[in-house]
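# Results of the structural survey
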Amino acid sequence: MNLKGRNFLTLKDFTPEEILYLIDLAAEVKEKKKKGIPVDHYRGKNVVLLFEKDSTRTRCAFEVAAHDMGMGTTYIGATGSQMGKKESIEDTARVLGRMYDGIEYRGYGQEIVEALAKYSGIPVWNGLTNDYHPTQMLADMLTIREHFGRLKGIRLVYMGDAGYNMGNSLMVACTKLGMHFVACGPDEYYPNEELVALCKEYAAESGGSITLTDDVQAGTKNADVVYTDVWVSMGEPDEKWAKRIHDLTAYKVTGEVMENAGENAIFMHCLPAFHDLKTTIGKEMGERFGITEMEVTDEVFESARSKVFDEAENRMHTIKAVMMATLEESKGSD
Ligand code: CP
Ligand code: NVA
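For the structure given in this document, a descriptive report is provided here. (Residues numbered from 1 in each chain as written. Chains lettered and ligands numbered in written order. Predicted model: local features only at pLDDT ≥ 70, side-chain atom pairs only at ≥ 80, totals over all residues. Heavy atoms only, no water.)

Another aspect to go through is the side chain of His 317. By the secondary structure assignment, His 317 is in helix 13 (residues 308-326). Discounting residues that sit within four places of it in the chain, His 317 has contacts with Ala 26, Val 29, Lys 30 and Lys 33. (Helix = DSSP H or I, 4+ residues; strand = E, 2+ residues; numbered from the N terminus. Contact = heavy atoms within 4.5 Å.)

Structural data, given as structure tokens:
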């Protein structure tokens, strides 16, 4: 398997075999890290991390992975560079391509990572756009495989706002890998029809399936994985909160939902999560709407079924695998 020089913009661009290769590679480097065996054949290389939106996991995962690999990193946040303000994405990409070996981008439209990839001439990794979050998918699939020992045939139910980056990406990942994807929420929150049609083709090949339902009982019955995400994503206007809370409260992941799923079902969330009032936004919504949590109850979040911190850790190992697979090793390294 040779993915050198490839971009990592969406899992749509990867075959099931390539995705499984990246998950296997991540499992391998995870084990090496646990055993203290270095994977640092990338000394002398440098990567730039562009974050137009905030991040804890993705930024830290890229930085730790890159440093483990012997590489240097430059972090550029929403302010402080010329990108987009005095310099176009195309020009920025050509400048970065002359200095760096790889670019991570987190921000808004998918067309921005595509432009960075087109003009920079070096591998570009999507660290989240409005449309896709592919590095999160590798971490989630590794976590599911670690827990159940397989991916094929797993039933993953996504509760809530399924038409944004997480719902879209999980539908692609599941249908590529022979899993059963269920979007459970009001129909205006389903992934767009074009993407559903494409993923139905993936499912037909892989033996997976897609179900779109507004019925919580039927949708979550016999789920292996119950997955959710915030109801208003980064970059969306604050005015969305009232309607989302109104529309999606019925799709909150509660103890009853987990009970209905079955005793072996696990809970997953890409994080950050509103499971209590210990955040500024959580507190504000708590005061405005008289609620104590949003997409998941604190009980489920803190339960033994919750694998959210395994997922968070796996972000680092999987991002390392993506960089290893797409970058050439340093010349002359042992
Ligand atoms: N899951 C995830 O991408 O988290 P961050 O926003 O903290 O990077
Ligand atoms: N849907 C969320 C995912 C965060 C990792 C967002 O875009 O804010």
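We now examine the sheet that holds strand 1 (residues 46-51). Judged by pairing direction, the sheet is parallel, and its four strands sit side by side in the order 2-1-3-4 without closing on themselves. Since the sheet does not close on itself, it has two edges, and those belong to strand 2 (72-76) and strand 4 (124-126), each with one partner. Each strand of the sheet is rotated relative to its neighbour by a mean of 20 degrees, with strand direction disregarded. Note: strand 1 against strand 3 (residues 102-106), five bridges, orientation parallel. Directly across from Leu 50, in strand 3, lies its bridge partner Tyr 105. In the packing of helix 4 (residues 110-120) onto the sheet, the strands contacted are strand 1, strand 3 and strand 4, and the crossing angle to strand 4 comes to about 170 degrees. (Pairing = 2+ DSSP bridges. Axes fitted to C-alpha atoms, helices over the stretch in contact; angles between N-to-C directions.)

If you check the shell around ligand 1, you find Ser 55, Thr 56, Arg 57, Thr 58, Arg 106, His 133, Gln 136, Cys 270, Leu 271 and Arg 315 and nothing else. Between ligand 1 and the protein, one listed contact pairs a nitrogen atom with a backbone N or O atom of Leu 271 at 2.9 Å. A total of 260 Å² of accessible area belongs to ligand 1 in isolation, and the protein chains cover 95% of it. Classifying every residue of the shell around ligand 1 gives two nonpolar, five polar and three charged. (Near = heavy atom within 4 Å. Polar contact = N/O pair within 3.5 Å; in protein donor to acceptor, adjacent residues only side chain to side chain. Areas by Shrake-Rupley, 256 points an atom, 1.4 Å probe, with all protein chains shown as cover. Nonpolar A, V, L, I, M, F, W, Y, C, P; charged D, E, K, R; others polar.)

Scanning the entire structure with this criterion turns up 19 salt bridges. Note that Arg 43 is salt-bridged to Asp 40, the shortest N-O span being 3.3 Å. On the basis of relative accessibility, which here comes to 40%, the residue Arg 43 falls in the partly exposed class. Take Asp 40: its relative accessible area is 21%, and that puts it in the partly exposed class. Note that Arg 244 and Glu 236 form a salt bridge whose closest N and O atoms lie 3.1 Å from each other. For the pair Arg 244 and Glu 236, a shared accessibility class is recorded, and that class is buried. Bridged by salt links that share partners, the residues Lys 33, Asp 68 and Lys 320 form one connected network. (Salt bridge = Lys/Arg side-chain N within 4 Å of Asp/Glu carboxyl O. Buried < 20%, exposed > 50% of the residue type's maximum accessible area, 1.4 Å probe, protein only.)

This part takes up unusual backbone geometry. Residues Leu 271 and Pro 272 are joined by a peptide bond in cis, for which omega reads 5 degrees. Non-glycine residue Asn 222 carries a positive phi angle of around 60 degrees. Tracing the backbone through its elements, the reader meets Asn 222 in the loop between helix 8 (216-220) and strand 8 (225-228). Residue class for Asn 222 comes out exposed when judged on its relative accessible area of 54%. Despite not being glycine, Leu 271 has its phi angle at roughly 70 degrees, a positive value. In this structure, Leu 271 sits in the loop between strand 9 (266-269) and helix 11 (280-289). The class of Leu 271 is buried, set by a relative accessible area of 9%.

This next bit is on the site of ligand 2. In the neighbourhood of ligand 2, the contacting residues comprise Leu 128, Asn 165, Asp 229, Val 230, Ser 233, Met 234, Cys 270 and Leu 271. Note that a nitrogen atom of ligand 2 is positioned 2.5 Å from one of the side-chain N or O atoms of Asp 229. Separating an oxygen atom of ligand 2 from a backbone N or O atom of Met 234 is a distance of 2.8 Å. Taking 270 Å² as the accessible area of ligand 2 by itself, protein coverage stands at 95%. Among the residues forming the shell around ligand 2, the class breakdown is five nonpolar, two polar and one charged.

Attention now goes to the pairing of strand 5 (residues 155-159). By the criterion of burial, strand 5 is predominantly enclosed, with four of the five residues buried. Bridge count for strand 5 against strand 6 (residues 180-184) is five bridges, and the pairing is parallel. Within the sheet, the bridge partner assigned to Arg 155 lies in strand 6 and is His 180. In terms of handedness, the path from strand 5 via helix 6 (residues 165-176) over to strand 6 forms a crossover that is right-handed. Pairing geometry for strand 5 and strand 8, over four bridges, is parallel. (Right-handed = clockwise from strand over helix to strand, strands pointing away.)

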